[in-house]
Amino acid sequence: MSFATVEEQLRVLTRGCERIDTLDELRRKLAASREGQRPLRIKLGLDPTAPDIHLGHTVVLRKMRQFQDLGHKAVLIIGDYTARVGDPSGRSKTRPVLDSAAIEKNARTYMDQAGRILDTAAERLEVRHNSEWLAGMTFADVLKLTGQMTVGQMLKREDFRNRFEAEAPIGVHELLYPLMQGWDSVCIQSDVELGGTDQTFNNLVGRDLQRNAGQEAQVVMVMPILVGLDGVEKMSKSLGNYVGVTEAPHDMFGKLMSVPDACMSNYLTLLTAMPEAEIKALADPGRTHPMEAKKRLAVEIAAAFHPREKIEHARHEWEQIHQKKAATGGLVVPDDAPTVAVGGDLFVDGRVPLLKLVVHCGFAATNGEVRRLVAESGIRLNGDVLSDPTCSLAIKTGDILQRGKRKFARLAVQ
């Protein structure tokens, strides 16, 4: 257990929180834990509905790690059963149902990626799958669970209410989701549940179900949703405004350099342990040059996922490239950009179809992905944007194919 006092723990744990239900209960639980030398059980549920975790997901994972560092036990619930429903939070329509193979595959990658943040020692982390208790429920069990909440309570939820008023379909299985998540809390006897603001309703259901089961209600700690690189929408892979935790150091650093100035303080507060006074100094252009502040942000955040020397190398590479751009006003290709041999089998009448070339260079896996990249002005040849995915190119050795801002290939015609 931690030797930190209750107030010392609270200073760490409440940093960045959007809402706590309730602070007094959290203080009391921490005091009882310290007195009885019993670590609190800190719950976080992750539905493996996608294969990758981005920085937005890490906000709550970092909060869980703070609890671990203070001596408490993280209980990470892999929602292999709730993923069959799909969390309706923030959704204007029903999610597509995932098959069990996709869920299992995603769950494996989630654990690998979450382990980059959490302390994975057995005494600090307990990993559970909610199929352990949900899969074995009888229909009578489900009826008993659903009897603990009314339709009126469900429709207080903004996303359900909006869909109901718009006469948009709401699947009955979606109404079960908050109850399933709340039942997770009962089954693992959660002391504290973490989540983003979009999880508030689901987390509070857990409190009610625990009371009904004769347990002490969990404290709910809600973290803000991290705004993406566009500075407008929440970070999301589907919106392309994300930074993945498995991205290469130079990609991660480069993306973080595009964080909007208005989001600087938010990113530093939620994604680093930097003292608040230092964050204020970095976010104040009168005290720190904005470019230097952005570099510090990129280094501090990226260094949580890669060795610091690799991030410093990425910083140096970024500086070199952008200094050259400023000096020449032209295209600057990284020194380590790969050379890709383009054989004669790709040519048709002396030209190479763009679809084939982009896939051949490893910039996309399918023709459909190439078309999407071209539609987003994401493919260039020698600095010029290519706008027609069906075009064929007369390429020569030394030409530069580019995807986005950070992926380059030197072409070598054979």
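Residues numbered from 1 in each chain as written. Predicted model: local features only at pLDDT ≥ 70, side-chain atom pairs only at ≥ 80, totals over all residues. Heavy atoms only, no water.

S.K.: Account for helix α8 (residues 158-165), with residues named and values stated.
M.R.: For α8, the set of buried residues is D159, F160 and R163. Here the buried residues of α8 occupy an arc of 100 degrees about the axis, which is enough to place them on one side. Structural note: α8 exposes E158, F164 and E165 on the side pointing more than 90 degrees away from its buried face. Check the buried side of α8 and you find it contacts α7 (151-154) and α9 (172-188). Count one or two residues on from α8 and you reach E167, which has phi positive near 55 degrees. (Buried < 20%, exposed > 50% of the residue type's maximum accessible area, 1.4 Å probe, protein only. Helix = DSSP H or I, 4+ residues; strand = E, 2+ residues; numbered from the N terminus. Arc of directions from axis to C-beta. Contact = heavy atoms within 4.5 Å.)

S.K.: How would you summarise the sheet that holds strand β5 (residues 192-196) if you had to cite specific residues and measurements?
M.R.: Sheet strands line up and pair through hydrogen bonds in the backbone, either parallel or antiparallel. Reading across from one edge, β1-β6-β5-β2-β3-β4 is the order of the six strands in this open sheet, with mixed pairing throughout. What marks the edges here is a single partner per strand, and that holds for β1 (19-21) and β4 (125-129). When strand polarity is set aside, the average angle formed by the axes of neighbouring strands in this sheet is 20 degrees. Against the sheet, helix α10 (residues 200-212) makes contact with β1, β5 and β6 (219-223), and its axis sits at roughly 170 degrees relative to β6, the strand it touches most. (Pairing = 2+ DSSP bridges. Axes fitted to C-alpha atoms, helices over the stretch in contact; angles between N-to-C directions.)

S.K.: Before we move on, can you summarise the packing of aromatic side chains with the specific residues and values?
M.R.: Applying the stated criterion across every chain, the model contains one aromatic pair. With centroids separated by 6.3 Å and ring planes inclined at 65 degrees, the aromatic side chains of F253 and W318 adopt a geometry described as edge-to-face. Of this pair, F253 sits in helix α11 (residues 249-256) while W318 sits in helix α15 (residues 308-328), and the two are 65 residues apart along the sequence. Relative accessible area serves as the criterion here: at 16%, W318 is assigned to the buried category. Over the face of the ring belonging to Y242 we find K255, whose NZ or CZ atom lies 4.1 Å from the ring centre. (Phe/Tyr/Trp six-rings, centres within 6.5 Å; stacked < 30°, edge-to-face > 60°. Lys NZ or Arg CZ within 6 Å of the ring centre and 35° of its normal.)

S.K.: Quick one: what's the story with helix α12 (residues 264-271), residue by residue and with numbers?
M.R.: Since the α-helix packs 3.6 residues into each turn, any two residues three or four apart lie on the same face. All of the buried residues along α12 are M264, Y267, L268, L270 and L271. Residues of α12 that are buried make contact with α3 (55-69), β6, α11, α13 (276-283) and α14 (290-302).

S.K.: Tell me about the pattern of salt bridges, and please be specific about residues and values.
M.R.: With the rule as written, the count across this model stands at 30 salt bridges. Measuring nitrogen to oxygen at the nearest pair gives 4.0 Å for the salt bridge that ties D198 to K234. With D198 in the loop between β5 and α10 and K234 in the loop between β6 and α11, this pair connects stretches of sequence that are 36 residues apart. Relative accessible area serves as the criterion here: at 30%, D198 is assigned to the partly exposed category. Residues joined in a network through salt bridges with shared partners are R28, K29, R38, D191 and E216. (Salt bridge = Lys/Arg side-chain N within 4 Å of Asp/Glu carboxyl O.)

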